[in-house]
Amino acid sequence: MGYADNLTEAQRQKGTLCWTCSKAVPKADSYGRYIRGCSWSISLKPVEGWDAVPCKKDNLHSYHVISCPLYAQEAREKVDSNTARGRRKMLKEIYDMFKED
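The rules behind each value
- Residues numbered from 1 in each chain as written.
- Predicted model: local features only at pLDDT ≥ 70, side-chain atom pairs only at ≥ 80, totals over all residues.
- Heavy atoms only, no water.
- Helix = DSSP H or I, 4+ residues; strand = E, 2+ residues; numbered from the N terminus.
- Buried < 20%, exposed > 50% of the residue type's maximum accessible area, 1.4 Å probe, protein only.
- Disulfide = S-S within 2.5 Å.
- Salt bridge = Lys/Arg side-chain N within 4 Å of Asp/Glu carboxyl O.
- 1 Å grid on protein atoms, 1.4 Å probe; cavity = no way out; pocket = protein on both sides within 12 Å on 5 of 7 lines; lining within 4 Å.
- Points joined across faces, edges and corners; volume = space filled by probe spheres on them.
- Nonpolar A, V, L, I, M, F, W, Y, C, P; charged D, E, K, R; others polar.
- Polar contact = N/O pair within 3.5 Å; in protein donor to acceptor, adjacent residues only side chain to side chain.
- Contact = heavy atoms within 4.5 Å.
- pLDDT = per-residue confidence, 0-100.
- Core = buried A, V, L, I, M, F, W, Y, C linked by side-chain atoms within 4.5 Å.

Novice: What am I meant to see in unusual backbone geometry here?
Specialist: Apart from glycine, the bulk of residues carry a negative phi angle, and the bulk of peptide bonds sit in the trans form. With phi around 55 degrees, L44 is a residue other than glycine that occupies positive phi space. Along the polypeptide, L44 turns up in the loop between α2 (39-43) and β3 (51-57). With a relative accessible area of 60%, L44 lands in the exposed category.

Now the structure itself:
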């Protein structure tokens, strides 16, 4: 079984919703309390109420998120372009690990 065989081609091309979510990369304050993130990005626990397709490549398990109640569109005008570019690059590299070769 390849990466997300049960996804449509359009869903594969669009990518997981996490790619454009401002909560995709967690952030903690100086006391170690998370001030940004979700249960998936912080502790790899599925978000309650999301519509996500389980994916597996080799021994790596993940999800292709289609909709999520915690989704927060990345505010591009508020995010430094280098930070946003780096986050998207990192998430794309993770995503690519799950694609079929």
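There's more to say after this.
Novice: I keep staring at the state of the cysteines and nothing clicks. Help me out?
Specialist: One way to say it: the disulfide is the covalent bond shared by the sulfur atoms of two cysteines. Per the counting criterion, the structure on display carries 0 disulfides. Here C38 stays free of any disulfide, with the sulfur of C68 as its closest cysteine sulfur at 6.1 Å. Given a relative accessible area of 13%, C38 falls into the buried group.

Novice: For this particular structure, what's the right way to read the pattern of salt bridges?
Specialist: Here the idea is simple: oppositely charged side chains can pair when their charged atoms come close. Taken as a whole and judged by the stated rule, the model has 1 salt bridge. The salt bridge partner of R33 is D29, with a shortest N-O separation of 3.0 Å.

Novice: Where do I start with empty space enclosed by the protein in this structure?
Specialist: The full count for this structure, using the stated rule, is 1 cavity of 30 Å³ or more. Of the pockets and cavities examined, the largest cavity occupies roughly 90 Å³. If you trace the largest cavity, you find it lined by L17, C18, C21, K23, A24, C38, V47, W50, V65, C68, L70 and Y71. In terms of residue class, the lining of the largest cavity is built from 11 nonpolar, no polar and 1 charged.

Novice: Just checking my understanding: could you explain the side chain of S41 for this structure?
Specialist: Examined against the element boundaries, S41 turns out to sit in helix α2. Of the polar contacts made by the side chain of S41, one reaches the backbone oxygen of K23; its length is 2.9 Å. Residues in contact with S41, not counting those within four places in the same chain, are K23, A24 and P26.

Novice: What is the right way to read the confidence of the model for the chain from this model?
Specialist: Detailed reading of the predicted coordinates is not advisable wherever pLDDT falls low. Residue-level pLDDT values for the chain average 78, and 76% of them are 70 or greater. No element of the chain has a lower mean pLDDT than helix α3 (residues 81-98), which averages 68, and none a higher one than α2, which averages 90.

Novice: Before we go on, may I ask you to explain the nonpolar core in this structure?
Specialist: Soluble, globular proteins show a tendency: their nonpolar side chains are buried together. Counting 8 residues, the largest nonpolar core is built from L17, C38, W40, V47, W50, A52, V65 and C68. With residues near it in sequence (within four places) discarded, A52 still touches Y63, H64, V65 and I66.

Novice: Any chance you could explain the environment of S39 here in plain terms?
Specialist: Inspection of the secondary structure assignment puts S39 in helix α2. On a C-alpha basis, the gap between S39 and L70 in space is 9.7 Å, while along the polypeptide they are 31 residues apart. If we ignore the near neighbours within four places in the chain, the residues touching S39 are L44, K45, P46 and V47. Only 3.3 Å separates the side chain of S39 from the backbone oxygen of P46, close enough to count as a polar contact.

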